[in-house]
Amino acid sequence: MLCVTAEALLTYPLQQIAPGVSLGVVYLLGVLVVSLGWGLGLGMATAVVSGIAFDYFNNPPFGTLTIFSSWSWMPLVIFLVVALLASWAATLTRSLAVEADERRREADLDARLARLLLRTEHLRSALPAVSRRLAQALGLPFLAIELGAVTSDDSHTALPLLEGAAALGTLVVPAGLPEATLRRLNEWVVPSLNALLRAAHDREAIGRDLEASRDELRRVAQEQAALRRVATLVARGVSPAEMFGAVAREMGLILQADCTAIERYEPDRAVVVGSWSGRGPESALPPGSPRPLDEQSISALVLGAGRPMRMTDYDHGPGEISEWARAQGITSSIGSPIVVEARLWGVMIAFFNAPEPQPASAEERMLDFTELVATAISNAQARDELAASRARVVAASDETRHRIERDLHDGAQQRLVSLGLDLRATEATLPPELAELRTRLSRTVDGLTSVAEDLRELSRGLHPAILSKGGLGPALKTIARRSAVPVDLVLNIGRRLPESVEVAVYYIVSEALTNVAKHAHATMVCVELDVESASVEISIRDDGLGGADPHHGSGLIGLSDRIQALGGRMDVVSPAGGGTTLLATIPVWSG
């Protein structure tokens, strides 16, 4: 009524300047306003009241109702039809606007719920916040989203959340909700939650798969790094003890084992050659300790089967290894055979304290390490065989030199000396008148003496007799005295060495002094020899021109071959203008 009154008051001054019929537009605007603001019912009532007011105030004769007069009702009917249509159109527009706003709010809510569900690492942890947000948006006192199945009761209504026939969860709301609210839940909330939960489940599954892939890549990278470290040791040819210890450690870290061991099979036992423990060396199997193969152990199982084996019972087993396992809390072990050139050489063992069984991939992961160990053992055996072969060649060469020297000394050299003495005796018996013959005989004796001296020098170069008789000290002092360059000789020997080592040292010093005299233009050479418990250390330094290349020249190459044949090492440092230093180490035991 207020709206109609306002319309009538507004049209009163307008009557002075506008036709009365056209003032119906003012009443139509009022109908539109009421319809948009309060809906179709009130808008239609406003249209009827506005029509009566229009007829009374603006349809002549003014101040009277003309509805029942001849044709004067026609403008009123037209006005009412237009007003009702305008009210309906305004109401429809209002409902569409309300629906659009509702859809916008629903879309905003869906977006917020999606952010909550799809940004979390664990779906279950995000459900309480999603439930609170959804209950607040719907104006419900309580709402919960459960991942499991929930049944309805007197206080709650359960709406299943499904993906096809598969259950995603349950939407739990208070019981006794209005039908419109339940319809909205079923038509909007449940489908939206189905889509969101399905996407969240997929994201969680993808996250798990990605995490598993990252873990797998991390594991593979760690394994590859460990294998590269072991392969580097194998390529460097480190000692077996160092290599076995490194393999045991790397394998233990990769498998997350508590202890590891590498054992070599012997006729009636297995001997530990390398071990590791995550709790320190005192908890590891001691290297060198034997294990009988007739007792129940993982080593015996692998030897009998010739393939990877597992042992899960250390509680009641007899024998040393079972006692050690019980003392360390070992509950299971995995053994992988080490096969070298088609022969079962030994076993690699990983011990675990964990009560749960180890994954099936453990044997496959151990296989890479066993193959590296087998390669290292094969390489070591090949190196040992090569070194032994080279040592035999060097020994045979030295023996041949020794025999030739002995044959020259006892044969040709003695005969030349005897012939010289006979000729001297003959020269002494000649009469004075044969002076020319005496002179010829004297020259012949001098020639024989020179030949004998040459043979003596030759035999001394082949194998110095003083080395066999007096040892390394006197032999080195002799060649130092005969050197063309002054030699400062420092010897720390103290005992006789194996013949092959003494010969090698003698020839190293002899060849080095010869090279200094020929090429170095040095004024002094310092030779130091130090015999330790397990090796001989040789140092030869001169103050010459330097620039020597150990890879060129048969002398240095021959010395290097001889030293390497004995398991030793030779290094030459010779900067131009800085003299030359030769350092050699020969193991005593190799001789």
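See the structure shown above.
What you see is a predicted model, and the numbers here were worked out from it, not measured in a lab. (Residues numbered from 1 in each chain as written. Predicted model: local features only at pLDDT ≥ 70, side-chain atom pairs only at ≥ 80, totals over all residues. Heavy atoms only, no water.)

### Here we look at the overall build of the protein chain
Spelled out, the test is: What counts as a helix is a DSSP run of H or I of at least four residues, what counts as a strand is a run of E of at least two, and both are numbered from the N terminus. Under the scheme applied here, a residue whose accessible area is under 20% of the maximum for its type counts as buried, over 50% as exposed, and between as partly exposed, the area being computed with a 1.4 Å probe on protein chains only. The contact criterion used throughout is that any non-hydrogen atoms of two residues lie within 4.5 Å. Where accessible areas are quoted, they stem from the Shrake-Rupley method and a 1.4 Å probe; at the residue level, only the protein chains shown are allowed to cover.
Along the protein chain, the regular secondary structure elements total 15 helices and 14 strands. Put simply, the protein chain has 591 residues, and 40% of those count as buried. Taking the intrachain contacts of the protein chain between residues at least 6 apart in sequence as the baseline, contacts between residues at least 24 apart amount to 59%. Carbon and sulfur atoms make up 59% of the accessible area of the protein chain, which totals about 31,900 Å².

### Comments concerning the nonpolar core
Selection criterion: We define a nonpolar core as any set of buried Ala, Val, Leu, Ile, Met, Phe, Trp, Tyr and Cys residues linked to one another through side-chain atoms lying within 4.5 Å.
Residues Leu472, Val505, Ile508, Val536, Ile538, Ile540 and Ile586 are the most contacted members of the largest nonpolar core, which totals 38 residues. Of all the secondary structure elements, the ones that give two or more residues to this core are α13 (472–482), α14 (499–520), β11 (525–531), β12 (535–542), α15 (554–565), β13 (569–573) and β14 (581–587). By residue number, the principal contributor to this core is α14, which donates 12 residues. Not counting the four nearest positions on each side in its chain, Ile538 is found in contact with Val505, Ile508, Glu528, Leu529, Leu582, Leu583, Ala584 and Ile586. Residues Ala226, Met243, Trp345 and Ile377 belong to the second largest nonpolar core, which totals 31 residues.

### Things to note about the pattern of salt bridges
Stated precisely, the cut-off is as follows: Salt bridges are defined by distance alone: a side-chain nitrogen of Lys or Arg within 4 Å of a carboxyl oxygen of Asp or Glu.
The final tally for this structure, using the stated rule, is 11 salt bridges. For Arg218, the salt bridge goes to Asp215, with nearest N and O atoms at 2.7 Å. With a gap of 3 residues between them, Arg218 and Asp215 both fall in helix α6 (residues 179–236), about one helical turn apart. For Asp215, a relative accessible area of 36% puts it in the partly exposed group. The closest approach of N and O atoms between Arg569 and Asp571, which form a salt bridge, is 3.5 Å. Connected through salt bridges with shared partners, the residues Arg229, Arg249 and Glu250 form a single ionic network.

### Observations concerning the pairing of strand β2 (residues 156–163)
Within a regular beta strand, the side chains point alternately toward one face of the sheet and then the other, so they alternate between its two faces. Basically, it comes down to this: Here the rule is simple: two strands pair whenever DSSP picks up at least two bridges between them.
Here 8 bridges tie β2 to strand β3 (residues 166–174), and the two strands are oriented antiparallel to one another. Considered in β3, the bridge of His156 is made with Pro174. Connecting the antiparallel pair β2 and β3 is a turn made up of 2 residues, with Gly164 showing a positive phi of about 65 degrees.

### Considerations on the sheet that holds strand β10 (residues 487–492)
For the record, the criterion: Only the stretch in contact is used when a helix axis is fitted, and all axes are lines through C-alpha atoms; the angle between N-to-C directions ranges over 0 to 180 degrees.
Sheet architecture is open: 5 strands sit in the order β10-β11-β12-β14-β13, paired in mixed fashion. In this open sheet, the two edge strands, each paired with only one partner strand, are β10 and β13. Neighbour to neighbour, the strand axes of the sheet diverge by 10 degrees on average, direction disregarded. Of the pairings in the sheet, the one linking β10 to β11 comprises 6 bridges and is parallel in character. Bridged to Asn492 within β11 is Asp530. Running at roughly 175 degrees to β10, α13 makes contact with β10 and β11 of the sheet. Set on the sheet, α14 makes contact with β10, β11, β12 and β14; between it and β12 the angle comes to about 10 degrees.

### Quick word on helix α9 (residues 320–328)
Since the α-helix advances by 3.6 residues per turn, residues separated by three or four positions end up pointing in the same direction. Under the convention used in this document: It is the directions from the helix axis to the C-beta atoms that the arc portrays.
Residues of α9 that are buried include every one of Ile321, Ser322, Trp324, Ala325 and Gln328, and no others. For α9, the angular spread of the buried residues around the axis is 160 degrees, confining them to a single face. Set apart from the buried face of α9 by more than 90 degrees, the exposed residues are Glu323 and Ala327. Packing partners of the buried residues in α9 comprise β4 (259–266), β6 (290–292) and β9 (343–352). Of the residues flanking the end of α9, it is Gly329, one or two places downstream, whose phi is positive at about 75 degrees.

### With respect to the packing of α13 against α14
Put simply, the rule reads: An angle below 35 degrees is read as roughly parallel, one above 145 as roughly antiparallel, one from 65 to 115 as roughly perpendicular, and any other as oblique. Lys, Arg, Asp and Glu make up the charged group, whereas Ala, Val, Leu, Ile, Met, Phe, Trp, Tyr, Cys and Pro make up the nonpolar group; the residues left over, Gly among them, are polar.
Contact geometry of α13 with α14 gives a least axis separation of 10 Å together with a crossing angle of 10 degrees. Classified by the interaxial angle, the pair formed by α13 and α14 is roughly parallel. Here Leu472, Ala475, Leu476, Ile479 and Arg482 of α13 come into contact with α14, specifically with Glu502, Val505, Tyr506, Val509, Ser510 and Leu513. Partitioning the contact of α13 with α14 into residue classes produces 8 nonpolar, 1 polar and 2 charged.

### Here we look at the pairing of β4
Here β4 lies mainly inside the structure; 6 of its 8 residues are buried. Where β4 and strand β5 (residues 269–277) come together, 8 bridges link them in antiparallel fashion. Counted as the bridge partner of Tyr265 is Ala270 from β5. If you look at the hairpin formed by β4 and β5, you'll find 2 residues sitting between the two strands. In this sheet, β9 lies alongside β4 in antiparallel orientation, the contact comprising 6 bridges. Along β9, the bridge assignment pairs Glu263 with Val347.

### Side note on the packing of aromatic side chains
To be explicit about the condition: Note on ring pairs: Phe, Tyr and Trp rings are taken, using the six-membered ring of Trp, and paired if centres are within 6.5 Å. Classes follow the plane angle, with under 30 degrees stacked, over 60 edge-to-face and the rest tilted.
Under the defined criterion, the tally for this structure stands at 3 aromatic pairs. Ring centres of Tyr506 and Tyr507 lie 5.6 Å apart, and the angle between their planes is 85 degrees; on these two criteria the pair is classed as edge-to-face. Tyr507 carries the same exposure label as Tyr506, and that label is buried.

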